[in-house]
Amino acid sequence: MGLSEYRKLGSSAEKVKAMISSGRVPHSFIIEGDNNIDKEGFAKAFAKALMCVQMPGEGCGRCITCRKIENDNYEDMFFVRPEDRTSKKSGTLSVKDDQISGLQSRLMGKPTGGDRNIAVISHGDTMTQRAQSRLLKTLEEPTPGTVIMILVENGEMLLPTIDSRCVKLRLNDIDGRSETPMTKLAAEIVEMIAGGALFFDIRERLDKSIKGRADAYAFLDGMESALSMCMRSGGAFSRDDAARAVGVVENARTAVRMNVVPKYAVRDMVLKLRELQRL
Ligand SMILES: [Zn+2]
């Protein structure tokens, strides 16, 4: 699958395309998405888009590089997945310190196929503290050309020092997920902001529904989905505004994660979105 296939999971595919075409690809990413989302599939599509010379920014799916990436045997792409070798606590799988150490030595080597080494840490939120501390060293001083993708269900399990060094990409199953009260609310709020509704009215509507962090996260997911729809096919927000608005929503998510009272983080986001609409 090419990267475009992942447009259905929100704005991440577009962001990656833009980074590749600008030639500025950051070295580390946290790719967040629920359990049912194929994050490794996205990581492979990302890698193809990055390495394919036939269709850069997309991945042709037919060349030797794309095929090797698809089949898990591209020489410069390394996967780390949770293992349970200590098995003292049965049932708990985690990514261990020595796995990260092994990854680090592979990343020190020069890439053989292209000009990049790519590392994918699957279920990165199961990394032990020691594993995370070790990984941090690589994130601080990566070998040029290295791209590290940390796949997580819950980014809050990562050390803040890791979080702050990575670009966050979120995958949302927009079409597969049935409409929830929060996605409906988000669509309504997007319409209200675009229609120039009074802040007072918007706030009243929000305060009724957003009580805690879980509500706020669900609402922000809904906002991102609604804005992604605008980015793809236009709507209440123009495509350009929607792209900028997604950044504002992500900042609100970070604020909630940093323990800003969810209600205030959401209000602040609404104010910023209103300003953005007025420009
Ligand atoms: Zn290709």
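**A few points about the overall build of the protein**
- Counting secondary structure elements, the protein contains 11 helices and five strands.
- Expected size for 279 residues packed as a compact globule is a radius of gyration near 19 Å; at 20 Å, the protein falls within 12% of this value.
- Viewed in the frame of its principal axes, the protein has a C-alpha envelope of about 55 × 45 × 35 Å.

**Here we look at the sheet that holds strand β2 (residues 77-80)**
- Here five strands make up an open sheet; going across it, the order is β2-β3-β4-β1-β5 and the pairing parallel. Edge positions in the sheet fall to β2 and β5 (167-171), since each of these pairs with one other strand and no more. Strand-to-strand twist across the sheet, computed as the mean angle between neighbouring axes with direction ignored, equals 20 degrees.
- Where strand β3 (residues 118-121) and strand β4 (residues 147-152) come together, four bridges link them in parallel fashion. Each residue of the ladder has a partner; that of I121, found in β4, is I150.
- In the packing of helix α4 (residues 97-108) onto the sheet, contacts are made with β2 and β3, and the angle to β2 comes to roughly 175 degrees.

**What to know about the packing of helix α9 (residues 213-233) against helix α11 (residues 262-278)**
- The contact between α9 and α11 brings their axes to 9 Å, and the two run at 25 degrees. In terms of orientation, α9 and α11 fall into the roughly parallel class. Between α9, through R213, D215, A216 and F219, and α11, the contact on the second element is made entirely by P262, A265 and V266.
- Residue composition of the contact of α9 with α11, grouped by class: five nonpolar, no polar and two charged.

**Re the domain arrangement of the protein**
- Split by domain assignment, the protein resolves into domain 1 (3-171) and domain 2 (181-278).
- In this structure, domain 1 and domain 2 have C-alpha centres spaced 29 Å apart.
- Between domain 1 and domain 2, the contact holds seven residues from the first and eight residues from the second.

**Quick look at the packing of helix α8 (residues 199-209) against α11**
- For the pair α8 and α11, interaxial distance at closest approach is 11 Å and the crossing angle is 145 degrees. Read as a crossing pair, α8 and α11 show a hand that is right-handed. Touching F199, I202, R203, L206 and D207 of α8 are K263, V266, R267, V270, L271 and R274, all from α11.
- Broken down by class, the residue content of the contact of α8 with α11 amounts to six nonpolar, no polar and five charged.

**Some points on the environment of R62**
- The topology assignment puts R62 in the loop between α2 (39-51) and α3 (64-70).
- Sequence separation of R62 and N172 is 110 residues, and the distance between their C-alpha atoms is 27 Å.

**Comments concerning the nonpolar core**
- Among the nonpolar cores identified, the biggest contains 44 residues, and I31, A43, F46, A47, M149, I150 and L151 are the most heavily contacted of them.
- The greatest single-element share of this core, amounting to eight residues, is contributed by α2.
- Beyond its immediate chain neighbours, meaning those up to four positions away, M149 contacts F29, I31, A43, F46 and V120.
- By size, the runner-up hydrophobic cluster in this structure holds 29 residues, among which are M182, F237, V249 and L273.

About the cut-offs
- Per chain, residues are indexed from 1 in the order of the written sequence.
- Only residues with pLDDT of at least 70 are given local features in this predicted model, and only at 80 or more are side-chain atom pairs given and counted; all residues enter the totals for whole chains, interfaces and linings.
- Secondary structure is summarised from DSSP: a helix means a run of H or I of at least four residues, a strand means a run of E of at least two, and numbering begins at the N terminus for each.
- All radius of gyration figures rest on C-alpha atoms, and the globule criterion is 2.2 Å times the number of residues raised to 0.38.
- Note on pairing: DSSP must find at least two bridges between two strands before they are called paired.
- Lines are fitted to the C-alpha atoms to define the axes, a helix being fitted only along its stretch in contact, and any angle between axes, read from their N-to-C directions, falls within 0 to 180 degrees.
- C-beta atoms are placed from the backbone for every residue, and two residues are taken to be in contact when these atoms lie within 7 Å.
- An angle below 35 degrees is read as roughly parallel, one above 145 as roughly antiparallel, one from 65 to 115 as roughly perpendicular, and any other as oblique.
- Residues were grouped as follows: Ala, Val, Leu, Ile, Met, Phe, Trp, Tyr, Cys and Pro as nonpolar; Asp, Glu, Lys and Arg as charged; and all remaining residues, including Gly, as polar.
- Each domain span listed reflects an automatic or database assignment of domains.
- A clockwise turn of the near helix away from the far one marks a right-handed crossing, whereas an anticlockwise turn of less than a right angle marks a left-handed crossing.
- To count as a nonpolar core, a set of buried Ala, Val, Leu, Ile, Met, Phe, Trp, Tyr and Cys residues must be joined through C-beta atoms within 7 Å.
- With C-beta atoms placed from the backbone, a residue is labelled by how many other C-beta atoms lie within 10 Å of its own: buried for 20 or more, exposed for 12 or fewer, partly exposed between the two.

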